[in-house]
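Below, each chain spelled out in residue letters.
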Amino acid sequence: MKRMTGIEVRHSLANASASEAANMVLPSNFVELDWENLDYLGWRDSHSPHLGYIIQWQGDRAVGIVVREADGPLSRRRMMMCQLCRATHTEHGVSLFSAKRTGEAGENGNTVGTYICANLGCSTNIRVDVPHASYYRDPQGLLAEKVSGLEARVTGFMNDVCRS
Ligand SMILES: [Zn+2]
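Notes on the structure follow.

Conventions we followed
All residue numbers refer to position in the chain's written sequence, counted from 1. For this predicted model, a pLDDT threshold of at least 70 governs which residues receive local features, and a threshold of 80 or more governs which side-chain atom pairs are given and counted, while totals over whole chains, interfaces and linings are taken from all residues. Values reported for side chains reflect all heavy atoms of the structure, with hydrogen atoms and water molecules removed beforehand. Numbering of helices and strands starts at the N terminus; helices are DSSP runs of H or I of at least 4 residues and strands are runs of E of at least 2. Between N or O atoms, a polar contact is any pair within 3.5 Å; within protein, one atom must be a potential hydrogen donor and the other a potential acceptor, and residues adjacent in sequence are included only when both atoms are from side chains. The contact rule is simple, with two residues in contact once any of their heavy atoms fall within 4.5 Å. Buried, partly exposed and exposed residues are distinguished by accessible area as a fraction of the type maximum, computed with a 1.4 Å probe on protein chains only: under 20%, between the cut-offs, and over 50%, respectively. If DSSP finds at least two bridges between two strands, the strands pair. Donor criterion used throughout: N, O or S atom within 2.8 Å of the metal, extended to 3.2 Å for Na, K and Ca. Water excluded; incomplete-looking sites may result. In short, tetrahedral needs four donors with all angles between 85 and 135 degrees, square planar needs four and octahedral six donors with opposite donors over 155 degrees apart and all other angles between 65 and 115, and whatever is left is irregular. Put simply, buried Ala, Val, Leu, Ile, Met, Phe, Trp, Tyr and Cys residues joined by side-chain atoms within 4.5 Å make one nonpolar core.

## Remarks on the side chain of glutamine 56
- Considering the arrangement of structural elements, one finds glutamine 56 in strand β2 (residues 51–58).
- In this structure the side chain of glutamine 56 is engaged in a polar contact, spanning 3.0 Å, whose partner is the side chain of threonine 155.
- If sequence neighbours within four positions are ignored, glutamine 56 has contacts with Met4, Arg61, Ala62, Val63, Glu151, Val154, Thr155 and Met158.

## A few points about the pairing of strand β1 (residues 41–44)
- Here β1 shows a clear split, with Leu41 and Trp43 buried on one side and none of Gly42 and Arg44 buried on the other.
- Where β1 lies against β2, four bridges are found, and the strand directions are antiparallel. By the bridge assignment, leucine 41 is partnered in β2 with isoleucine 55.
- Hairpin connection from β1 to β2: six residues lie between these consecutive antiparallel strands.

## Let's talk about the coordination of the zinc ion
- Protein coordination at the zinc ion comes from Cys82 (SG), Cys85 (SG), Cys117 (SG) and Cys122 (SG), with a distance range of 2.3 Å.
- Bound by four donor atoms, the zinc ion shows angles of 102 to 118° at the metal and therefore tetrahedral coordination geometry.
- Donor residues binding the zinc ion come from one chain and are separated in sequence as C-x2-C-x31-C-x4-C. With a gap of 35 residues between them, cysteine 82 in the loop between β4 (80–81) and β5 (88–89) and cysteine 117 in strand β7 (residues 111–117) connect regions that are remote in the sequence.
- Of the residues examined, cysteine 82 reaches a relative accessible area of 0% and is grouped as buried.

## Some thoughts on the nonpolar core
- In terms of nonpolar packing, the biggest core is built from 24 residues, with Ile54, Leu84, Ile116, Cys122 and Phe157 touching the most fellow members.
- Looking at this core, the elements with two or more residues in it are β3 (61–69), β6 (94–100), β7, α4 (122–128) and α5 (139–162).
- Counting residues per element, this core draws most heavily on α5, which supplies seven residues.
- Residue contacts for isoleucine 116: discarding those within four places in its chain leaves Tyr40, Ile54, Cys82, Leu84, Val94, Ser95, Phe97, Cys122 and Phe157.
- Counting residues in each nonpolar core, the second largest holds 16 residues, with Val9, Leu33, Trp43 and Leu51 among its members.

As structure tokens, this is what we get:
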């Protein structure tokens, strides 16, 4: 994805209160992020570990949402599937995250929940989680498919949150 500035990231949050947006802590490695290998920007807040952020380009606009981890990582013995990148794994864990809807719905306590890689690192996970990549005739094509699927599902989730 195209690089974002810190200001773009801070101004992207569609479902955050003014204080939530002001308190957002950028990823510690923000200046050295490998944007080329990111499909969305996702990270956990180091000061408020139950919070995370998912930011994506929608056209020329950076659009982001704040998500809240519901109950901590789920059982690591069970294989869980991330609903955004479809990676199934136990190593990093999958968590249930909820996002407050924008507008009046959100003020009424309306949220959207989904299972996502606990570290919000789907972009990395789809790049390392290619089992037996050499077995596939077209590993690059397989990755491209995963990337476009991930981007589409992130957009779908954000649209759900931002639908007023
Ligand atoms: Zn994922």
